[in-house]
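Listed here are the chains, written in short residue letters.
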Amino acid sequence: MDARKTPFFVPILFYLCFFINLQFSFGADSISAYQSLSGDETIVSSGGNFELGFFKPGNFSKYYIGIWFKKVSARTVIWVANRERPITDKYSSVLQVVDGNLVLFDETHTEIWSTNTKLKSSRAVAILLDEGNLVLRNGSSNSTVWQSRDYPSDTWLPGGYLGYDKRANRTQILTSWKNSEDPSPGLYTFELDPVGNQYLLRWNRSRQIWTSGVWNGRLFTNVPEMASGVIFSFTYRSNTNGSYLTYFLENTSSITQWRFIVDYNGQIKELGWLADQQKWSSFWSKPNTQCQVHAFCGAYGVCNDLTSTFCNCLPGFKSRFEKSWTSGDYSGGCKRLMELEYGNANTTSKKADIFQFFSHMKWPDNPQAFSAVNAARCKSNCLSNISCTAYAYYQNTCFTWHGDLYNMQQLPENDNNGRVIYIRIPSSDSSKNNKGIIFGVVGGSIAILSIFSGLLLLAFRRHKANKIERAAEGRMVAFGYKDLKNATKNFSEMLGKGGFGSVYKGTLPDSTVIAVKKLEGVSQGEKQFRNEISTIGNIQHINLVHLRGFCSQGNKKLLVYEYASNGSLDSHLFNPKKDEGILPWTTRYEIALGTARGLVYLHEKCRDCIIHCDIKPENILLDSYMCPKVADFGLAKLVGHNFSRVLTTMRGTRGYLAPEWISGAAITTKADVYSYGMMLLELVSGRRNSEQTRDGKVNFFPAIAANVIMNEGDILTILDPNLNLVADIEEVSNICRLACWCIQEDEHVRPTMSKIVQVLEGVLDVDMPPDPRGLQVFIDNEDDIVFLTDKPSSSNLHIQSDPAWASSFVEEQYTNKKTQGSKIQECESD
Ligand code: ATP
Ligand code: MG
């Protein structure tokens, strides 16, 4: 070759290579033999759904080869090649097709990961398909020799399958990530148990956390939702060659991106991407609550489903891995701050260990049980055994635990499953506080003074810290007004305003977010107020907003509630924010069920039955998981006789009030059932029950719905049009019937809340309801209603007035309105 010509060839070659490389990075869906992918280069599936390349999860400093959703703005990885062997430099590492294998080489050209096929062909090609599957094909026969969905990470996509191939002796196992930023295999796996014909969620590849139940020919018995077929259709095949389950999206769903995952926190979830809200939303998950996940808080961790952080260490313990713990990976559990005395070779102490008492606990796993005459025997038995870490004495039986304690759960005080347990701690743990005081006595007077003031300060701080601790533990706290002023930054962020005052967002010094309600017009005396507060504060249920504390200083009366980050139901139903999107039907159903469960608790499970009196979407709050929580229960008794006046003057509330509020009949739990029924119809229609049309007429939806239901018309005509018919028709129909039963004029005909729960859980069928007559009349008269029930009794809420007088009065109103349309003034009863 002529040496003088060389300079002309070099740049041409260079540009040629560069051009080929550009083509490869920005359009191709495949990697052919001897091509390579490196640095920021990616391939994209032909329809643009998925992308493959190097990625770095979160703040992690290492890189992986993975596949992620291309059209989802939040980077969501569905498959990782080198889960266990990340690389450090993506620019000098390459993914290549070599000798019929797809291989990842790191910067030292060491093979990190490979498809390990025996193809040995020079014409293999790796293609990223639009369903999120990376396939390796034999270029000559075009047959698939390897595919990523045979080796899933934590994700199972629609169209993919999960099963057991007997011929290849291969099971698809979904394995959780270690935590949100670490794709290495975590503790939880999900796979088909070929022997039992059921899917199992397991912890540590051994212990079963959840099972799908067996296949009954139509569905897996613990997943009745499979029958709905609204969003997905399922196919399960099982024969001598193996078994597998696959699912496909039905065309009716407006959500196009779905994924099923085994989350690093141990739950399996079906998630859909809400494009308008730009976030993944969970449509189905198991186990139902976080605390049901085995060993979620690790050893000596205590789980609490009612707190947003879920896990706490027992007092005297601290998290083993602080960084993971604060990032939400609790699996490392907790360790002792001080070693136990007994059997500890390093201690000179002659003291025995002691036991710390805990109540309302779900016991840890695997106790040993034996009969013992009394608790003292039980205690001494545990004390004398080095490995015994806890004991409990219950019904003449001694329970002891040996080794680390797992799966403890703090239960609400009213939960009958809560038990007392004694946990072993070193005696020095409780005596260490005295040392400071002895030292103070022998020091000089200045030292005494400074130590004294130091102790005072310490005591003050401890008091404050205790307050916060108590709030965090779920115990009622009496806050000072100043505390709440500080927490709410001088009441600067108002969440909303209702009939009893305004609600402000705040943050406690331990970062717990709270909602502070400034009450107005409380007519109860101080003692009565505090009594009611302690009753309400004792009520804890996952579907009831938890009252964390209060402030009562003169006429300053404030309530401190847990904060519900998704606000109240009304805003989601009637004014969904652009970035929130429409509430899916499944969420609406869950909200109906959760609300009903909360009300059952209030009506039947508390020591003093509580009638809510103000059920409406504004009083159904939604937490970060869209779990419904009934707010403002007990307010009726708390604010005293002003309560019914507020109800009467609030327009929003009126559409939900049962007829007995005007008839003067006693108010019973069935008044809540009526309001609940009204709310059910709003969940179905997605609009307020009574709406004024442009021509000034009032459309009263319950009457329209009742008409369709009674005449067995097309139920879908009354469904929220925003749902685009994506709903289980049977569920919609059942809820509508149920609602009609709830809004019956005669309260005796209305079901109890526990019957309602049974219907929603599918345990009871619901018959055709009687025509809820009188509805329209009641609403037509709503503006002119005179409320006769102005005095809720403070001891119970069976509000009484003269029934004979009241009923004749109501009849008169109905006639008046119909014939003359007269205006009636509100009563001032005191
Ligand atoms: P009512 O006075 O009849 O209960 P309301 O519910 O509209 O009517 P408030 O209870 O004062 O009025 O609440 C006002 C708004 O503040 C609610 O609609 C809700 O959006 C918000 N809010 C109340 N409590 C909380 C909370 N704990 N967490 C988050 N938002 C809350
Ligand atoms: Mg409210």
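Note that the structure is predicted; figures quoted are calculated from it, not measured.

Participant: How should I be thinking about the site of ligand 1 in this particular structure?
Facilitator: Around ligand 1, 21 residues are found, and the nearest of them are K517, D614, K616, N619 and D632. The backbone of G499 places a nitrogen or oxygen atom 2.9 Å from an oxygen atom of ligand 1. Between ligand 1 and the protein, one listed contact pairs a nitrogen atom with a backbone N or O atom of A564 at 3.0 Å. Here ligand 1 loses 92% of its free accessible area of 600 Å² to cover by the protein chains. For the shell around ligand 1, the per-class residue count stands at eight nonpolar, six polar and seven charged.

Participant: Please clarify how the side chain of R750 should be interpreted in this entry.
Facilitator: By the element assignment, R750 lies in the loop between α17 (729–742) and α18 (753–760). Among the polar contacts listed, one links the side chain of R750 to the backbone oxygen of K670, at a separation of 2.8 Å. Beyond its immediate stretch of four places on either side in the chain, R750 contacts A658, P659, E660, K670, A671, V673, Y674, W741, C742, Q744 and E745.

Participant: Would you mind going over the packing of helix α15 (residues 669–685) against helix α16 (residues 701–710) with me for this structure?
Facilitator: Relative placement of two packed helices is described by the angle separating their axes and the distance separating the axes. At a minimum axis separation of 10 Å, α15 and α16 run at an interaxial angle of 80 degrees. Looking at the two axes, α15 sits roughly perpendicular to α16. Contacts from M678, L681 and S685 in α15 reach F701, P702 and A705 in α16. Here the contact of α15 with α16 is composed, by residue class, of five nonpolar, one polar and no charged.

Participant: In this structure, what is going on with the sheet that holds strand β7 (residues 94–98)? I would like to understand it.
Facilitator: Think of a sheet as strands paired side by side through backbone hydrogen bonds, with each pair either parallel or antiparallel. An order of β2-β7-β8-β9 is seen for the four strands of this open sheet, with the pairing classed as antiparallel. Only two strands of the sheet have a single partner each, and these edge strands are β2 (36–37) and β9 (111–114). Bridge analysis of β2 against β7 gives two bridges, and the strand direction is antiparallel. Bridge pairing in β7 links L37 to L95.

Participant: Sorry if this is basic, but what is going on with the state of the cysteines here?
Facilitator: Working definition: the covalent bond between the sulfur atoms of two cysteines is a disulfide. If you walk through the whole model with that rule in mind, you get five disulfides. The disulfide bridge from C291 ends at C303, spanning 2.1 Å between sulfur atoms. Disulfide C291-C303: torsion about the S-S bond near -85 degrees, hence left-handed. Taken together, the residues span a long stretch of sequence, with C291 in the loop between β24 (279–286) and β25 (301–303) and C303 in strand β25 at a distance of twelve residues. Note on accessibility: C291 and C303 belong to one class, buried.

Participant: What exactly am I supposed to notice about unusual backbone geometry here?
Facilitator: A negative phi holds for most residues other than glycine; trans holds for most peptide bonds. For the bond running from K286 to P287, omega is -15 degrees, close enough to zero to count as cis. Here P287 is to be found in the loop between β24 and β25. Despite not being glycine, D99 has its phi angle at roughly 50 degrees, a positive value. The exposure class assigned to D99 is partly exposed, which follows from its relative accessible area of 39%.

Participant: Just checking my understanding: could you explain the environment of V749 for this structure?
Facilitator: With respect to the helices, strands and loops of the structure, V749 is situated in the loop between α17 and α18. Along the chain, V749 and P769 lie 20 residues apart, while their C-alpha atoms are 9.5 Å from each other. The residues contacting V749, other than those within four sequence positions of it, are W741, Q744 and P770.

Rules and cut-offs
Throughout this document, residue positions are counted from 1 along each chain, in the order its sequence is written. Chain letters start at A and ligand numbers start at 1, both assigned in the order the entries are written. Side-chain atom pairs in this predicted model are given and counted only at pLDDT of 80 or more, local residue features only at pLDDT of at least 70, and totals for whole chains, interfaces and linings cover all residues. Computation of side-chain values covers all heavy atoms of the structure but excludes hydrogens and water. Throughout, the term near means that a residue has one or more heavy atoms lying within 4 Å of the molecule or strand in question. N or O atoms closer than or at 3.5 Å make up a polar contact, with two conditions inside protein: a donor-capable atom paired with an acceptor-capable one, and, for residues adjacent in sequence, both atoms drawn from side chains. Residue exposure ignores everything except the shown protein chains as possible cover, and the areas themselves are Shrake-Rupley values with a 1.4 Å probe. Three classes are used, and their members are as follows: Ala, Val, Leu, Ile, Met, Phe, Trp, Tyr, Cys and Pro are nonpolar, Asp, Glu, Lys and Arg are charged, and the others, Gly among them, are polar. Numbered from the N terminus, helices here are DSSP runs of H or I no shorter than four residues, and strands are runs of E no shorter than two. We call two residues in contact whenever any of their non-hydrogen atoms come within 4.5 Å of each other. Note on geometry: axes are C-alpha line fits, over the in-contact stretch for helices, and angles between N-to-C directions span 0 to 180 degrees. Any angle that falls under 35 degrees is termed roughly parallel, while one over 145 is termed roughly antiparallel, one within 65 to 115 roughly perpendicular, and all others oblique. Any two strands with at least two DSSP bridges between them are considered paired. Only a pair of cysteine sulfur atoms within 2.5 Å qualifies as a disulfide here. Remark: exposure states derive from per-residue accessible area (1.4 Å probe, protein chains only) relative to the maximum for the residue type, with buried under 20%, exposed over 50%, and partly exposed in between.

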